[in-house]
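One letter stands for each residue in the lines below.
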Amino acid sequence: MWGSFQNSQLRIEVEASAAAIKDSLLRPEQMQKWLSPQRLASGMPEQLHSGLTFTSWIGPVAIEHQVDVAKPNCLRLLLHGGIDGFHEWYWGEGWVQSRIEGVSLLPLNLAQTLGLLRLRQFLTVNS
């Protein structure tokens, strides 16, 4: 894998319930609404579950995701391709935390920050 090892952990407050956050992170239809410019593969199930494997793209860069853990308050994705590592999400009433570690040419901290801000905006408008 080309790139450098990167790790980042961010936590933000959001004006949303834990249930709304869960739906935004575990339901691909909802996730795609705030994840832009990252695109999810078509034909995704209604909800992410352990063992599921899917692909997303950031421009021409493909990232394979394997859902390691999908619970009512956490999601852990093992990543391969454009990022070799993992992405963990934890949430509760009014907060979301994201932790990402991996080797990549992509600027992971910047992408993580922008993703959390888009998620917060999505939840503010849709909760």
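Residues numbered from 1 in each chain as written. Predicted model: local features only at pLDDT ≥ 70, side-chain atom pairs only at ≥ 80, totals over all residues. Heavy atoms only, no water.

**As for the confidence of the model for the protein**
Where we set the bar: As a per-residue measure, pLDDT tells how confident the predictor is, with possible values from 0 to 100. Helical segments are the DSSP runs of H or I of at least four residues, strand segments are the runs of E of at least two, and each set is numbered from the N terminus.
Per-residue pLDDT for the protein has a mean of 94; in total, 99% of the residues score no lower than 70. Averaged pLDDT values over the elements of the protein bottom out at 93 in helix α3 (residues 108–126) and peak at 98 in strand β6 (residues 84–92).

**Things to note about helix α1 (residues 18–26)**
Owing to its 3.6 residues per turn, the α-helix aligns residues three or four sequence positions apart on the same side. Stated formally: For every residue, the accessible area obtained with a 1.4 Å probe (protein chains only) is divided by the maximum for its type, and the residue is called buried under 20%, exposed over 50%, and partly exposed between those limits. In what follows, a contact means two residues having at least one pair of non-hydrogen atoms within 4.5 Å.
Here α1 has its buried residues at Ala18, Ile21, Ser24, Leu25 and Leu26. Contacts made by the buried residues of α1 are with α2 (28–34), β4 (61–71), β5 (74–81), β6, β7 (95–104) and α3.

**Looking at the layout of surface pockets**
Rolled over the atoms, a probe sized like a water molecule indicates the empty space that remains. Applicable threshold: Method remark: on a 1 Å grid restricted to protein atoms, a set of points is classed as a cavity if a 1.4 Å probe fits but cannot get out and as a pocket if it is open with protein on both sides within 12 Å along at least five of seven lines; lining residues have an atom within 4 Å of a point. Grid points are joined across faces, edges and corners, and a volume is the space filled by probe spheres set on the points. Under the scheme applied here, ten amino acids are nonpolar (Ala, Val, Leu, Ile, Met, Phe, Trp, Tyr, Cys and Pro), four are charged (Asp, Glu, Lys and Arg), and all others, including Gly, are polar.
Put simply, the largest pocket is a space of about 510 Å³. Along the wall of the largest pocket there are 28 residues; nearest its centre are Leu35, Gln38, Ile58, His87 and Ala111. Looking at the lining of the largest pocket, the elements with two or more residues in it are α2, β3 (53–58), β4, β5, β6 and α3. The element contributing the most residues to the lining of the largest pocket is α3, with eight residues. Residues that form the lining of the largest pocket fall into these classes: 22 nonpolar, five polar and one charged.

**Observations concerning a nonpolar patch on the surface**
Short version of the rule: Only residues above 30% relative accessible area that lack a salt bridge enter a patch, with like-charged residues linked at up to 9 Å and the nonpolar side chains Val, Leu, Ile, Met, Phe, Trp and Tyr linked at up to 5 Å. Using a 1.4 Å probe, accessible areas were evaluated by the Shrake-Rupley method; residue-level cover was limited to the displayed protein chains. Whenever Lys or Arg places a side-chain nitrogen within 4 Å of a carboxyl oxygen from Asp or Glu, that contact is recorded as a salt bridge.
Taken together, the side chains of Leu110, Leu114 and Leu117 present a nonpolar region at the surface, about 260 Å² in accessible area. Tracing the chain through its elements places Leu117 in helix α3.

**Overview of the packing of aromatic side chains**
For any pair of aromatic rings, geometry is given as the distance between the ring centres together with the angle between the planes. Under the convention used in this document: The pairing test for Phe, Tyr and Trp rings, Trp by its six-membered ring, is centres within 6.5 Å, and the orientation test on the planes gives stacked under 30 degrees, edge-to-face over 60, and tilted for anything in between. We count a charge as sitting over a ring when the NZ of a lysine or the CZ of an arginine lies within 6 Å of the ring centre and within 35 degrees of the ring normal.
Tallied over the full model, the rule gives one aromatic pair. Judged by centre distance (6.0 Å) and plane angle (75 degrees), the rings of Trp34 and Trp89 are edge-to-face. Here Trp34 is found in helix α2, whereas its partner Trp89 is found in strand β6, with 55 residues between them in sequence. The pair formed by Trp34 and Trp89 is uniform in burial state, with each residue classed as buried. Directly above the ring of Trp95 sits Arg11, whose terminal nitrogen or CZ lies 3.9 Å from the centroid. The side chain of Arg76 reaches across the aromatic face of Phe86, ending 4.4 Å from its centre.

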